[in-house]
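# Descriptive analysis of the structure
One-letter residues, chain by chain:
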Amino acid sequence: MFPAGDDGPVRPAAVAEVRSPLSDGEWHRLHPLTPLLRGGLFLVVVIGIIVANLRDRLINLFLPGADEFDYEYTGDPIDFVVANNLVLWAALAVLGVVLVLIGIFWMSWRFHTFRITGDDVEVRSGVLFRTHRRAPLDRVQGVNLTRPMIARLLGMAKLEVVGAGLDSNVKLEYLSTSNAEAVRCDILRLASGRQLADAQARQGGSVRSRATAVVAAGLTELIEGAEGPDAEPESVVHIPAGRLIGSHVLSGSTIWLLALLTAVIVGSIVGTPWVLFSIVPAMIGFGAYWFRQITRSLRYSIAPTPSGVRVTFGLFTTITETLPPGRIHAVEIAQPLLWRSVGWFRIRVNRLSGRAATDSSSQQSAEVLPVGTRADVERVMRLLLPSLPADAWPDVFDRGILGPTAEGDPYTTTPRRAWVLRPLSWRRNGFLLTPDALLLRSGVFRRALVLLPLARLQSIRISQGPVDRALNVANLTGHTVLGQVSGSLGILDRAAAVTVWDQTAHGIVEASSRDRSHRWSEAGSEDSHHGAEESHSDSAAVAFEVPATQASATETSAMEAPQASSESTGAGSPVVPPHDDGAAEPRV
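## With respect to the overall build of the chain
Of regular secondary structure, the chain possesses 19 helices and 22 strands. In the chain, the proportion of contacts linking residues at least 24 apart, taken out of those at least 6 apart, comes to 62%. With an accessible surface of roughly 31,100 Å², the chain has 62% of that area assigned to carbon and sulfur atoms.

## Notes on the sheet that holds strand β6 (residues 131-136)
Strand order across the open sheet formed by 4 strands is β3-β4-β5-β6, with antiparallel pairing between neighbours. At either margin of the open sheet sits one strand with a lone partner, and together these are β3 (28-29) and β6. Alignment of β3 against strand β4 (residues 113-116), held across 2 bridges, turns out to be antiparallel. Directly across from H28, in β4, lies its bridge partner F114.

## Remarks on the packing of helix α14 (residues 374-384) against helix α15 (residues 393-401)
Contact geometry of α14 with α15 gives a least axis separation of 12 Å together with a crossing angle of 150°. Classified by the interaxial angle, the pair formed by α14 and α15 is roughly antiparallel. Of the two elements, α14 crosses α15, and the hand of that crossing is right-handed. Judged by residue contacts, R374, V377, E378, M381 and R382 of α14 engage W393, F397 and D398 from α15.

## With respect to a nonpolar patch on the surface
A grouping of L33, L36, M149, I150, L153, L154, F291, L315 and F316 is seen on the molecular surface, where their side chains present a nonpolar patch of about 830 Å² in accessible area. For the nonpolar patch, the element with the highest residue contribution is helix α6 (residues 149-153), accounting for 3 residues. One can find L154 in the loop between α6 and β8 (156-162).

## Here we look at the pairing of strand β10 (residues 301-305)
Pairing geometry for β10 and strand β11 (residues 308-313), over 5 bridges, is antiparallel. Looking at β11, one finds that S301 is bridged to T312. With antiparallel pairing between neighbouring strands as the criterion, β10 and β11 make up a hairpin whose turn holds 2 residues.

## What to know about the sheet that holds β8
Note: strands within a sheet are paired through backbone hydrogen bonds, in either parallel or antiparallel orientation. Taken in spatial order, the 6 strands make up an open sheet running β9-β8-β7-β12-β11-β10, and their pairing is antiparallel. Taken across any chain shown, the strands that pair with only one partner, and hence form the sheet edges, are β9 (170-176) and β10. Between one strand axis and the next, the sheet turns through 20° on average, direction left out of account. Relative to β9, β8 runs antiparallel, the two sharing 6 bridges. Paired with K158 across the strands is E173, a residue of β9. Contacts from helix α7 (residues 177-191) reach β7 (142-147), β8, β9, β11 and β12 (318-323), with the element oriented near 140° to β9.

## Let's talk about the packing of aromatic side chains
What the rule picks out here adds up to 4 aromatic pairs. Pairing F291 with F316 gives two aromatic rings, centres 6.4 Å apart and planes at 40°, and the pair type is tilted. Here F291 is found in helix α12 (residues 279-297), whereas its partner F316 is found in the loop between β11 and β12, with 25 residues between them in sequence. The exposed category is assigned to F291, whose relative accessible area is 52%.

## Some details on the packing of helix α10 (residues 241-249) against α12
The geometry of α10 relative to α12 is characterised by a closest axis approach of 10 Å and an angle of 145° between their N-to-C directions. α10 and α12 meet at a crossing whose hand is right-handed. For the pair formed by α10 and α12, the contact residues are L244, I245 and H248 on the first element and W290, Q293, I294 and S297 on the second. Partitioned by chemical class, the residues of the contact of α10 with α12 number 4 nonpolar, 3 polar and no charged.

## Topic: the environment of L451
Topologically, L451 is positioned in strand β19 (residues 447-453). Taking the relative accessible area as the measure of exposure, L451 reaches 0% and is therefore buried. Residues L451 and L438, spaced 13 residues apart in sequence, show a C-alpha to C-alpha distance of 5.8 Å. With near-sequence residues (within four places) excluded, L451 lies in contact with A330, V331, I333, M381, L385, L388, V396, L438 and L439.

## A short note on the pattern of salt bridges
Between side chains of opposite charge, a pair can form when the charged atoms approach closely. Under the definition given, this model contains 18 salt bridges. We note a salt bridge from R441 to D409, for which the minimum N-O separation is 2.7 Å. Linking R441 in strand β18 (residues 437-442) with D409 in the loop between α15 and β16 (412-413), this pair joins segments that are 32 residues apart in sequence. Each member of the salt-bridge network shares a partner with another, and the members are R115, E122 and R134.

## A short note on the side chain of H112
In this fold, H112 is placed in the loop between α5 (87-110) and β4. Judged by its relative accessible area of 10%, H112 falls in the buried class. Excluding anything up to four places from it in sequence, H112 contacts H28, R29, L30, R38, V123, R124 and S125.

## Remarks on the confidence of the model for the chain
Summary statistics for the chain give a mean pLDDT of 74 and a share of 69% for residues scoring 70 or more. This stretch, residues 195-204, has a pLDDT under 50; its non-local contacts, to residues over four places away or in other chains, come to 18 contacts. Taken as a whole, residues 217-230 scores under 50 in pLDDT and shows 13 contacts with residues more than four places along the chain or in a different chain.

## As for the pairing of β12
Extensive coverage of β12 is indicated by the burial of 6 of its 6 residues. Burial of the side chains of β12 extends over both faces: T318, T320 and T322 are buried on one face and I319, E321 and L323 on the other. Across 5 bridges, the pairing between β7 and β12 is antiparallel. Bridge assignment links N144 to a residue of β12, and that residue is E321. Relative to β12, β11 runs antiparallel, the two sharing 5 bridges. Bridging from a neighbouring strand, T312 pairs with T320 of β12.

## Comments concerning α14
Those residues of α14 that sit buried are D376, V377, V380, M381 and L384. Along the long axis of α14, the arc covered by the buried residues comes to 130°, so they all point the same way.

## Focus on unusual backbone geometry
Of note, the amide linkage connecting E173 to Y174 takes the cis form, showing an omega dihedral of 10°. One non-glycine residue, R299, adopts positive backbone phi at about 60°. You can see R299 is positioned in the loop between α12 and β10. Residue classification places R299 among the partly exposed positions, given a relative accessible area of 48%.

Scoring rules and cut-offs
- The numbering scheme is per chain: residues are counted from 1 as the chain's sequence reads.
- Where local features are concerned, this predicted model is filtered to residues with pLDDT of at least 70; where side-chain atom pairs are given and counted, the filter is 80 or more; whole-chain, interface and lining totals use all residues.
- As a rule here, side-chain values come from all non-hydrogen atoms in the structure, and water together with hydrogens is ignored.
- Only DSSP runs of H or I reaching four residues or more are called helices, and only runs of E reaching two or more are called strands; each is numbered from the N terminus.
- It only takes one pair of heavy atoms within 4.5 Å for two residues to be counted as in contact.
- Under the convention used here, a 1.4 Å probe and the Shrake-Rupley method define accessible areas, while residue burial counts only the protein chains that appear.
- Strands pair, by our definition, only if DSSP identifies at least two bridges between them.
- Think of each axis as a best-fit line through the C-alpha atoms, taken over the contacting stretch in the case of a helix, with angles from 0 to 180 degrees between the N-to-C directions.
- For this classification, under 35 degrees means roughly parallel, over 145 means roughly antiparallel, 65 to 115 means roughly perpendicular, and everything else is oblique.
- Helix crossings are classified by the rotation of the near helix relative to the far one: an anticlockwise turn of less than a right angle makes the crossing left-handed, while a clockwise turn makes it right-handed.
- Surface patches are drawn from residues lacking salt bridges whose relative accessible area is over 30%; two like charges belong together within 9 Å, two nonpolar side chains (Val, Leu, Ile, Met, Phe, Trp, Tyr) within 5 Å.
- Salt bridge, as used here, is a side-chain nitrogen of Lys or Arg placed within 4 Å of a carboxyl oxygen of Asp or Glu.
- Aromatic rings from Phe, Tyr and Trp, with only the six-membered ring used for Trp, were paired whenever their centres fell within 6.5 Å, and each pair was classed as stacked if the ring planes differed by under 30 degrees, edge-to-face if by over 60, and tilted otherwise.
- Burial classes: relative accessible area under 20% of the type maximum marks a residue as buried, over 50% as exposed, and values in between as partly exposed (1.4 Å probe, protein chains only).
- For this scheme, ten residues count as nonpolar: Ala, Val, Leu, Ile, Met, Phe, Trp, Tyr, Cys and Pro. Four count as charged, namely Asp, Glu, Lys and Arg, and the remainder, Gly too, count as polar.
- pLDDT gives the predictor's per-residue confidence on a scale running from 0 to 100.
- Note: the arc covers the axis-to-C-beta directions of the helix.

Structure follows, in structure tokens:
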């Protein structure tokens, strides 16, 4: 039911604070230069290449009897046109082609429209074959703003509304930069649930009060500007160019390059010297790769905004991504071997990007911190996982990514009897379950710590192979959306794996019932209107309102109930009996 005003029910769309004319629910067109940026420049280049390489064939095609005429042809079509007094005809032909192209571009622009309502972002396109795409606002995973170099020179940008499925993104290309910024803020504001919160706050208000609120909002815009005070938030991390270059030099690609150079030099000594010429293309290829990676990471910034975490990067093509709260499904902190001496780390996330996991753009968007110190990682992690308590940070760093320590290890690690399957990492390979996340620690040469928020975990699985059954160990896998972060951890004690599987299954349901981060403005509105006791009671009652789409499945391979094992399963890993129906819920 919608709140009622003096003139009847007030729908949320009627009370939404629209901050730009492009978000008023009506159909609008893109920037008039959109066809030029989407295909016009490419078409001009293609035509130039065709004319330059096929001019003789074109002359014979359009002038089949040209060989019978007595004319002086020097091999240049322009000289031919001038020498035979065909300038007027050539100009008319070029003008006709230009008019046809302009007509095609105008038709494609004319039939390419979009609108933003209180529920969806819709795009219609096509002249002969029409398409209509719709992205529900409650399924928006983020809004990316991209400014390619040529579009930046023209003051334009393109928006990409990230949906919740594969190839579900809705693109608005191109808009002016100011309109793109305004539309992005509008989409994120509507997706946050603030529209419904505003409607509820105005319940019972009169038409005059609503009109006054609209005028006040307009005056606020005049004072604060179209984008408000958070248009350019200050980045919490600053990456020097030297550190960025050094991170690529001290990477696995450098090791492969050195190995290739060594093989080439050895081959030239024991074989033929001409092998040395292969160094040149190899150096060119690695140089182009490094240049592309470095320029893509320059001008990096990450900052909090009311709509989520904003990540910006790119020197020539600037990409700005906004990660709303509740859209991050997994986080990985990694430290390659060559970075260990300088204390650098990298952060990657799993989130719905609307692209395949093997897509290069998907791999690029997964890296939210290309390189940073421990202080940088802590600041970024507090933005990505604000619900993680402060007393859990030692488990993340000191005993997590850098662990185990001599003071004790809270992680449940690989048992000593299975060290042959993890000869170097069996003391590090382990997990830790907290009320908010499942932590998976692995790696010796490349240290890695994966954090799986329980509210976003889709399912949890344990499995065994023949060798695992012989050693009484199992493998644990937390299922999230597809991405660069893996939620798998192998060679764990079987009893401990079954226990954490059971506890995680219950933790997923509990965390999902109290999570409201996917509608962050609604949650903020409720917190501002209710006291501490009311908020506590509401969070207890909200467990009965979990949508069906958030229900988490649990699965396990067919195996017998674990037997009590008296053998140690690793430091800090006592075996807890599995949870029984009707018994009190186990604590982690």
